[in-house]
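Each chain is listed here by its residues.
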Amino acid sequence: MSDPQWLSPEEQRAWVPLAALLFRLPSAFDSQLQRDEGLTFASYMVLAMLGEQPSRTMRMSELAAATSTSQSRISRVAGGLERAGFLGRSVDPQDGRAVLARLTDAGLAKVRAASVGHVRAVRAAVFDRLSPEQVGQLAAIGTSLIGEDWGEAIDSGRPAAAQRRGA
């Protein structure tokens with residue numbers, strides 16, 4: 001096995017703050033949502049993704065992908081939201097193998113209420129600290145890192161560009 005291509009000093013200076021953000025932002029948002037709304041960040045994201053759909057409905061597999069979580073975790077999160085009356089699950093009448101999650105009226109009210117404080121927290125933690133130019137750069141960087149094939153690229157450990165080339 002060959003030695004890894006170690007990070008350059010410049011890459012290291014970029015990686016350390018990014019790694020810190022990967023831990024700090026979800027934790028900060030989770031704390032804010034728990035304190036203000038009794039929701040986890042994962043639960044909020046599920047409600048938000050469903051709330052953005054015109055039908056307020058998504059397949060559980062699509063919801064897992066949209067919230068960057070596993071099938072088992074999305075099932076646990078959805079179960080808790082279902083017990084709280086915020087969503088309902090049913091078999092997809094078009095495909096009996098798929099399960100649909102549907103945001104209830106109570107869930108829509110909950111996510112609307114939670115969004116106020118969450119947007120405030122996102123602004124304070126991220127956007128209020130950036131210039132308009134930096135916001136554009138952040139969008140471009142995020143798109144470069146995540147792209148359309150982000151899950152496969154990250155899961156396989158292969159760069160997204162190699163994924164696109166089929167390498």
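Check the entry above for the structure.
In what follows, the accompanying structure is described.

**Notes on the packing of aromatic side chains**
Under the counting rule described, the total for this entry stands at 1 aromatic pair. Taking the centre distance of 5.6 Å and the plane angle of 55 degrees together, the rings of Phe29 and Phe41 count as tilted. Residue Phe29 is located in helix α1 (residues 9-37), and its partner Phe41 is located in helix α2 (residues 41-51); the two are separated by 12 residues in the primary sequence. The exposure class of Phe29 is buried, given its relative accessible area of 7%.

**A short note on unusual backbone geometry**
Positive phi, normally seen in glycine, also occurs at Arg56, with a value near 60 degrees. One non-glycine residue with positive phi stands out, namely Ser68, at about 55 degrees. Take Ser68: it is sitting in the loop between α3 (60-66) and α4 (71-83). Since its relative accessible area comes to 51%, Ser68 is described here as exposed.

**Overview of the nonpolar core**
Formed by 24 residues in total, the largest nonpolar core has its most connected members in Leu39, Tyr44, Val46, Leu47, Leu50, Leu63 and Leu81. If you list the elements that add at least two residues to this core, you get α2, α3, α4, β3 (95-103) and α5 (105-125). When residues in this core are grouped by element, the largest group, 7 residues, is from α2. With near-sequence residues (within four places) excluded, Tyr44 lies in contact with Leu33, Leu39, Val111, Ala114, Ser115 and His118.

**Digging into a nonpolar patch on the surface**
On the surface, Leu7, Trp15, Val16, Leu18, Leu21, Leu22, Phe23, Ile141, Leu145 and Ile146 cluster together to form a nonpolar patch covering roughly 990 Å² of accessible area. Counting residues per element, the nonpolar patch draws most heavily on α1, which supplies 6 residues. Structurally, the position occupied by Ile141 is in helix α6 (residues 132-146). Judged by relative accessible area, Ile141 falls into the partly exposed class, the value being 48%.

**Examining the packing of α2 against α4**
Contact pair α2 / α4: the axes reach a minimum separation of 10 Å and the direction vectors enclose 80 degrees. If you check the angle between α2 and α4, you find them roughly perpendicular. Between α2, through Ala42, Ser43, Val46 and Leu47, and α4, the contact on the second element is made entirely by Arg73, Ile74, Val77 and Leu81. Residues that form the contact of α2 with α4 fall into these classes: 6 nonpolar, 1 polar and 1 charged.

Rules of the game
Residues numbered from 1 in each chain as written. Predicted model: local features only at pLDDT ≥ 70, side-chain atom pairs only at ≥ 80, totals over all residues. Heavy atoms only, no water. Phe/Tyr/Trp six-rings, centres within 6.5 Å; stacked < 30°, edge-to-face > 60°. Helix = DSSP H or I, 4+ residues; strand = E, 2+ residues; numbered from the N terminus. Buried < 20%, exposed > 50% of the residue type's maximum accessible area, 1.4 Å probe, protein only. Core = buried A, V, L, I, M, F, W, Y, C linked by side-chain atoms within 4.5 Å. Contact = heavy atoms within 4.5 Å. Patch = residues over 30% accessible without salt bridge, like charges linked within 9 Å, V, L, I, M, F, W, Y side chains within 5 Å. Areas by Shrake-Rupley, 256 points an atom, 1.4 Å probe, with all protein chains shown as cover. Salt bridge = Lys/Arg side-chain N within 4 Å of Asp/Glu carboxyl O. Axes fitted to C-alpha atoms, helices over the stretch in contact; angles between N-to-C directions. Parallel < 35°, antiparallel > 145°, perpendicular 65-115°, else oblique. Nonpolar A, V, L, I, M, F, W, Y, C, P; charged D, E, K, R; others polar.

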